[in-house]
Amino acid sequence: MSDARYIWGCGLVTTSEDGTVLDTWYPQPAEGRMPRGGQPAQIAGDLERHAVPDPRRAVELDVRVVEIDLDAPPASTPDAYLRLHALSHRLVAPNALNLDGIFAHLPIVAWTTAGPMHPDDATRLRPFLLREGIQVQSLDKFPRLLDYVTPVGVRIADASRVRLGAYLSPGTTVMHEGFVNFNAGTLGASMVEGRISQGVVVGDGSDIGGGASIMGTLSGGGAHVVSVGARTLLGANAGIGISLGDDCVVEAGLYVTAGSKIVLADEAPDEDGRRPSVKGAALSGRNGILFRRNSLTGAVEAVRRAGAGVTLNEALHA
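Predicted, not measured: the structure shown is a model, and the values here were computed from it. Going along each chain's sequence as written, the residues are numbered from 1 onward. At least 70 in pLDDT is required for a residue's local features to be given in this predicted model, at least 80 for side-chain atom pairs to be given and counted, and no such filter applies to totals for whole chains, interfaces and linings, which use all residues. In computing side-chain values, all of the structure's heavy atoms are included and hydrogens and water are not.

**Focus on the pattern of salt bridges**
Here is step 1: The term salt bridge refers to a side-chain nitrogen of Lys or Arg lying within 4 Å of a carboxyl oxygen of Asp or Glu. Inspection of the entire model under this criterion finds 16 salt bridges.
Here is step 2: Residue aspartate 140 pairs with arginine 163 through a salt bridge whose shortest N-O separation is 3.0 Å. Taken together, the residues span a long stretch of sequence, with aspartate 140 in strand β7 (residues 136-140) and arginine 163 in the loop between β8 (155-156) and β9 (166-167) at a distance of 23 residues.
Here is step 3: Taking the relative accessible area as the measure of exposure, aspartate 140 reaches 23% and is therefore partly exposed.
Here is step 4: A salt bridge links aspartate 247 to arginine 231; the shortest N-O distance between them is 2.7 Å. Helix and strand assignments come from DSSP, with helices taken as H or I runs of at least 4 residues and strands as E runs of at least 2, each series counted from the N terminus. The buried label applies to any residue whose accessible area, calculated with a 1.4 Å probe on protein chains only, is under 20% of its type's maximum; exposed applies above 50%, and partly exposed to all values in between.

Okay, structure coming up:
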C-alpha cells in the first residue's frame, strides 16, 4: 500500500478520571508512515510541557504518537481525531478516507472554555467551574474546528458553526449563519452563508446563499452524496437533494430533491401544450442549469443557461 494512504501525528490526549478518552489534539499531522526518531521525538518533546493534570476539569493529559491507515475504519478515539485533523489540515479530501463507525469512538463531551470535560464531571464540578469563570459551550461528539486548527486563508465568522473535520480551502468565507459539518467543505474560494452537510463538497467560486440547505447522508438514509460544482449559486433559503454541476443557479426559496417533478422549459410542448418533465435525479450533476419556480403555474422548471455562473467578490475572498 502506498505511504500516501497513511497519516501520522503526535497528539495531546485528554482523559477523564473514569478513563474516558475525550479528545486528541495534533498540532502537526503529516502524510506517510511515521518516521523513526527525529520529527516525532521533537513534536512529542514540545507537547510534553502541556501534559499536566487539570483538576479544574478532572482530566489528565498525555502525549501519544499515532499512525493510521486511511483505508481502514477508525480504531480508537485518538485514531478518529487524527482523521478529523487530517481533513481540516487539508491532508485528505472529504469522502477520500474511511470513517465507518467513527461515532462509536467519539464520546459525548462537555466542551468548555477551558477544554473538554466528561459531562458527569461538568455537572459534579459546576460550582467550581463557575467560580473559575469556566463555561460549558456545548455537549457534542464533535468540537469546534478553530479550537484545534487555524486554516490558512479562511474566514469563519462564528466558530461554533464549523466542526473539526471540515475541509475549507483558501479563499473560503463562512458567514455567521453558515455551517460546515465534518467530512465536508469547499474545494476552492467559496461563500458559505447556508448549510454544508456531512459528505458535501462545494466547488471553486460557488455561493451557498443565506439559509440555504444541502442534504447530507447521515439522517435521511440516502446513498447519494451531494456535490456542488464551480461558479454555482444556491439561492437564499433554497435547498438541494441532488448534485449541481458547474455554472448552475437554484432560485431563492426553491428546494429541489431527487423526486421533484421538473418541467424542461426549453423543450417544445406536445400537441396539448405540455412540455416534458423529469424527476430531479435525472438532472443531478448537469452543468449550466437554472432551476426556478414558475410564478404563474407554480411548476418547478429547468432552463439551460449560457456562459459562466456567479462571480464572487475577489476582494472579499482574496
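And the narrative resumes.
**Observations regarding the side chain of threonine 186**
Here is step 1: One can find threonine 186 in strand β12 (residues 184-186).
Here is step 2: A distance of 2.7 Å separates the side chain of threonine 186 from the side chain of threonine 172, its partner in a polar contact.
Here is step 3: Here, two residues are considered to be in contact whenever any of their heavy atoms come within 4.5 Å of each other. Contact partners of threonine 186, with chain neighbours within four places excluded, come to Tyr167, Leu168, Ser169, Thr172, Val192, Ile196 and Val202. N or O atoms within 3.5 Å of each other form a polar contact, as long as, within protein, one can give a hydrogen and the other can take it, and as long as residues adjacent in sequence are counted only when both atoms are side-chain atoms.

**What about the layout of surface pockets?**
Gaps left between atoms show up when a probe the size of a water molecule is rolled over them.
Here is step 1: Taken as a whole, the second largest pocket spans an internal volume of roughly 270 Å³.
Here is step 2: Here a cavity is any set of points on a 1 Å grid over the protein atoms alone where a 1.4 Å probe fits but cannot get out, and a pocket is any open set with protein on both sides within 12 Å along at least 5 of 7 lines; a residue lines the site when it has an atom within 4 Å of a point. Taken together, 16 residues line the second largest pocket, and the ones lying closest to its centre are Asp23, Gly115, Pro116, Asp147 and Tyr148.
Here is step 3: Listed by contribution, the elements that provide at least two residues to the lining of the second largest pocket are β1 (6-16), β2 (21-25), β5 (109-112) and β6 (115-117).
Here is step 4: The class makeup of the residues in the lining of the second largest pocket is seven nonpolar, five polar and four charged. Grid points are joined across faces, edges and corners, and a volume is the space filled by probe spheres set on the points. Any residue that is not Ala, Val, Leu, Ile, Met, Phe, Trp, Tyr, Cys, Pro, Asp, Glu, Lys or Arg is counted as polar, Gly included; the first ten are nonpolar and the last four charged.

**Observations concerning the domain arrangement of the protein**
Here is step 1: For each domain, the first and last residues come from an automatic or database assignment. By the assigned domains, the protein splits into domain 1 (3-106) and domain 2 (145-316).
Here is step 2: Using C-alpha coordinates to define each centre, domain 1 is positioned 32 Å away from domain 2.
Here is step 3: Listed per partner, the contact involves 17 residues of domain 1 and 21 residues of domain 2.
Here is step 4: Interface area lost by domain 1 to domain 2 is led by Ser88, Arg90 and Pro94, which between them contribute 42%.
Here is step 5: Here domain 1 is connected to domain 2 by zero salt bridges.
Here is step 6: Going through the elements one at a time, β2 and α2 (77-88) are the ones with two or more residues in the side of domain 1 that touches domain 2.
Here is step 7: Among the elements that take part in the side of domain 1 that touches domain 2, α2 stands out by supplying five residues, more than any other.
Here is step 8: Within the side of domain 1 that touches domain 2, the residues separate by chemical class into 10 nonpolar, five polar and two charged. Simply put, the buried area is the total loss of 1.4 Å probe accessible area from both parts when two parts are fitted together.

**Brief notes about unusual backbone geometry**
Here is step 1: Even without being a glycine, asparagine 237 presents a positive backbone phi close to 60°.
Here is step 2: Looking at where asparagine 237 falls in the secondary structure, it is placed in the loop between β19 (233-234) and β20 (239-240).
Here is step 3: The exposure class assigned to asparagine 237 is exposed, which follows from its relative accessible area of 55%.

**Overview of the UniProt feature "binding site: Mg(2+)" (unreviewed entry) in the protein**
Here is step 1: UniProt records the feature "binding site: Mg(2+)" (unreviewed entry) at Glu177, using the numbering of this structure.
Here is step 2: Of note, glutamate 177 is situated in the loop between β10 (173-174) and β11 (179-180).
Here is step 3: Beyond its immediate chain neighbours, meaning those up to four positions away, glutamate 177 contacts Arg161, Glu193 and Gly194. UniProt positions are given in the numbering used here, feature names are shortened, and annotations may be inferred rather than shown by experiment.

**Concerning the packing of aromatic side chains**
To describe a pair of aromatic rings, you give the distance between the ring centres and the angle between the ring planes.
Here is step 1: The pairing test for Phe, Tyr and Trp rings, Trp by its six-membered ring, is centres within 6.5 Å, and the orientation test on the planes gives stacked under 30 degrees, edge-to-face over 60, and tilted for anything in between. Scanning the entire structure with this criterion turns up four aromatic pairs.
Here is step 2: When the ring of tyrosine 81 is compared with that of tyrosine 148, the centres are 6.2 Å apart and the planes differ by 40°; the resulting orientation is tilted. Of the two residues, tyrosine 81 is situated in helix α2 and tyrosine 148 in the loop between β7 and β8; the sequence distance between them amounts to 67 residues.
Here is step 3: By relative accessible area, tyrosine 81 is classed as buried at 1%.
Here is step 4: With a centroid separation of 6.0 Å and an interplanar angle of 80°, the aromatic rings of phenylalanine 103 and phenylalanine 142 are classed as edge-to-face. Here the residue phenylalanine 103 occupies a position in the loop between α2 and β5, and phenylalanine 142 occupies one in the loop between β7 and β8, the gap between them amounting to 39 residues.
Here is step 5: The rings of Phe103, Phe142 and Phe182 are connected pair by pair, giving a single aromatic cluster.
Here is step 6: When the NZ atom of lysine or the CZ atom of arginine is within 6 Å of a ring's centre and also within 35 degrees of its normal, the charge is said to sit over that ring. Positioned over the ring face of tyrosine 6 is arginine 33, at 3.9 Å from the centre of the ring.

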